[in-house]
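Below are the chains, spelled out letter by letter.
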Amino acid sequence: MINADPQELRKFEAIAHRWWDTHSDFKPLHAINPLRLNYIDERAALRGKHVLDVGCGGGILSESMVRRGANVLGIDLGEAPLSVAKLHALDTQIDIHYRCISVEDLAQEMPEQFDVVTCMEMLEHVPDPSSVVRACANLVKPNGHVFFSSINRNPKAFLMAIVGAEYVMNMLPRGTHEYAKFIKPSELEFAARQAQLTIRDVSGLTYNPIFQNYRVGKDIDVNYMMHFTKEA
C-alpha cells in the first residue's frame, strides 16, 4: 500500500493551480522558503550536489535549490501539483526533473544515490511518517545530509498552527492540518535514529504577526527543521 492519505492528496490537488501565487494559500510557503533554503545550503553546500526533494508539491523549494547550483529531482504523489511544477520549470527555464512516485518505491529503485534529501512540510500529512524517514535514510549516500521540517504537537502548536493560522489570520485554508498528525521533535529524532541517521541540528521557525515575517531560531514549540547525516 502507498503511504499516502487520499484525502490529503485531494486537498492539495484542489488548490494546486495557486501554488506559485505568492498571495494565495501558499503565501506562507513562499515566505519561509528563503529561510529553509539557507538552512539547507549552509549545512549541506548545495552547489554541485545531487538532491532529492520529497513531497515537492509545485516545486518552490526544488527550484530554489537548482538556483543554488544543485541537481534536483522532485517527487510527489499529487499529479496536479507536479503538473504545475513542470509547467513553472518550463516557464522559468529551470533544468529540473520531477517524478510521480512514492519515496518508499524510489528507495527501492535508487538506494544511496543522493548527496542531500529534503522532506519539508510533508511528514504531518502521511499515515506513517517513520516509513518516510526510513526511505529518506535509504536514499541518501553515506556522509550525506537529510533535512526534515514539521510541526510540534502541543497546545501552543494547536493554537498557533491551526486556530491562529487557519481560523483567525486565515493564513492557510481551514483543514490544512490535523493536530493528531503533528510530530514532536523527539519522535522524529527517534525515527531518524532507528533509520541510522545522526542528528546535527534542530531549529525553529517562528512567525511575528506584527511585522508579518518569519525567522529561524531556537524556539521549536511550533514549526521546526531538523538536520541529520548518515554515517559512512
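Below: a short report on this structure. (Residues numbered from 1 in each chain as written. Predicted model: local features only at pLDDT ≥ 70, side-chain atom pairs only at ≥ 80, totals over all residues. Heavy atoms only, no water.)

Now for the overall build of the protein. A count of helices and strands for the protein gives eight helices and eight strands. Against the compact-globule benchmark of 17 Å for 232 residues, the protein has a radius of gyration of 16 Å, which places it among compact chains. Across the protein, every contact between residues at least 6 apart in sequence was considered, and the portion connecting residues at least 24 apart equals 70%. Surface summary for the protein: the accessible area is close to 11100 Å², and the carbon and sulfur share equals 53%. (Helix = DSSP H or I, 4+ residues; strand = E, 2+ residues; numbered from the N terminus. Rg over C-alpha atoms; globule rule 2.2 N^0.38 Å. Contact = heavy atoms within 4.5 Å. Areas by Shrake-Rupley, 256 points an atom, 1.4 Å probe, with all protein chains shown as cover.)

In this section: the state of the cysteines. For the structure shown, the criterion picks out zero disulfides. Free of any disulfide, cysteine 56 has its nearest neighbouring cysteine sulfur in cysteine 100, separated by 9.4 Å. (Disulfide = S-S within 2.5 Å.)

Moving on, we get to the pattern of salt bridges. Summed over the entire model, instances satisfying the criterion amount to 18 salt bridges. For lysine 181, the salt bridge identified is with glutamate 8, shortest N-O distance 3.4 Å. Note that lysine 181 is positioned in the loop between helix 7 (155-168) and helix 8 (185-194) and glutamate 8 in helix 1 (residues 6-14), a separation of 173 residues in sequence. Glutamate 8 matches lysine 181 in its accessibility class, with the two residues each being buried. For the salt bridge of arginine 200 with glutamate 231, the shortest nitrogen-to-oxygen distance reads 2.9 Å. Note that arginine 200 is positioned in strand 6 (residues 197-208) and glutamate 231 in the segment after strand 8 (223-230), a separation of 31 residues in sequence. (Salt bridge = Lys/Arg side-chain N within 4 Å of Asp/Glu carboxyl O. Buried < 20%, exposed > 50% of the residue type's maximum accessible area, 1.4 Å probe, protein only.)

Along the chain, arginine 99 turns up in strand 3 (residues 97-100). In this structure the C-alpha to C-alpha distance between arginine 99 and lysine 86, which are 13 residues apart in sequence, comes to 9.8 Å. Not counting chain neighbours up to four residues away, the residues in contact with arginine 99 comprise Leu73, Gly74, Ile75, Asp76, Leu82, Leu106, Glu109 and Met110.

Take the packing of helix 2 (residues 27-44) against helix 3 (residues 60-67) next. The N-to-C vectors of helix 2 and helix 3 enclose an angle of 45 degrees; their axes lie 10 Å apart at closest approach. In terms of orientation, helix 2 lies oblique with respect to helix 3. Read as a crossing pair, helix 2 and helix 3 show a hand that is right-handed. The segment helix 2 lies against helix 3, with Leu29, His30, Asn33, Arg36, Leu37 and Ile40 engaging Ile60, Leu61, Ser64 and Met65. (Axes fitted to C-alpha atoms, helices over the stretch in contact; angles between N-to-C directions. Parallel < 35°, antiparallel > 145°, perpendicular 65-115°, else oblique. Left-handed = near helix turned anticlockwise from the far one by under 90°.)

Given 3.6 residues to a turn, an α-helix orients residues that are three or four positions apart in the same direction. For helix 2, spanning 18 residues, the distance from its first C-alpha to its last is 26 Å, which sits close to the expected 26 Å at 1.5 Å a residue. Largest kink in helix 2: about 40 degrees, centred on asparagine 33, with the proline proline 34 one to four residues after it. Within helix 2, burial applies to Pro28, Leu29, His30, Ile32, Asn33, Arg36, Leu37, Tyr39, Ile40, Asp41 and Ala44. Where the residues of helix 2 are buried, they touch helix 3, strand 4 (114-120), strand 5 (140-151), strand 6, strand 7 (213-217) and strand 8. After helix 2 finishes, the residue alanine 45 shows a positive phi value of roughly 50 degrees. (Expected span 1.5 Å × (residues − 1). Bend = angle between axes of the 7 residues up to and from the residue.)

Spatially, 3-2-1-4-5-8-6-7 is the arrangement adopted by the eight strands of the open sheet, whose pairing is mixed. The open sheet has two free edges, formed respectively by strand 3 and strand 7, since each of these has just one partner strand. Between one strand axis and the next, the sheet turns by 20 degrees as a mean value, whatever way the strands run. Pairing geometry for strand 1 (residues 50-54) and strand 4, over four bridges, is parallel. Paired with aspartate 53 across the two strands is threonine 118, which belongs to strand 4. Along the sheet, helix 2 makes contact with strand 4, strand 5, strand 6, strand 7 and strand 8, crossing strand 6 at roughly 150 degrees. (Pairing = 2+ DSSP bridges.)

A full pass over the atoms with the stated rule returns seven aromatic pairs. The interplanar angle of 70 degrees and the centroid separation of 6.0 Å between the aromatic rings of phenylalanine 148 and phenylalanine 228 together place this pair among those described as edge-to-face. Here the residue phenylalanine 148 occupies a position in strand 5, and phenylalanine 228 occupies one in strand 8, the gap between them amounting to 80 residues. Exposure remark for phenylalanine 148: the relative accessible area of 0% places this residue in the buried category. Each member of the aromatic cluster is reached from another via a ring pair, and the members are Phe12, Trp19 and Phe26. (Phe/Tyr/Trp six-rings, centres within 6.5 Å; stacked < 30°, edge-to-face > 60°.)

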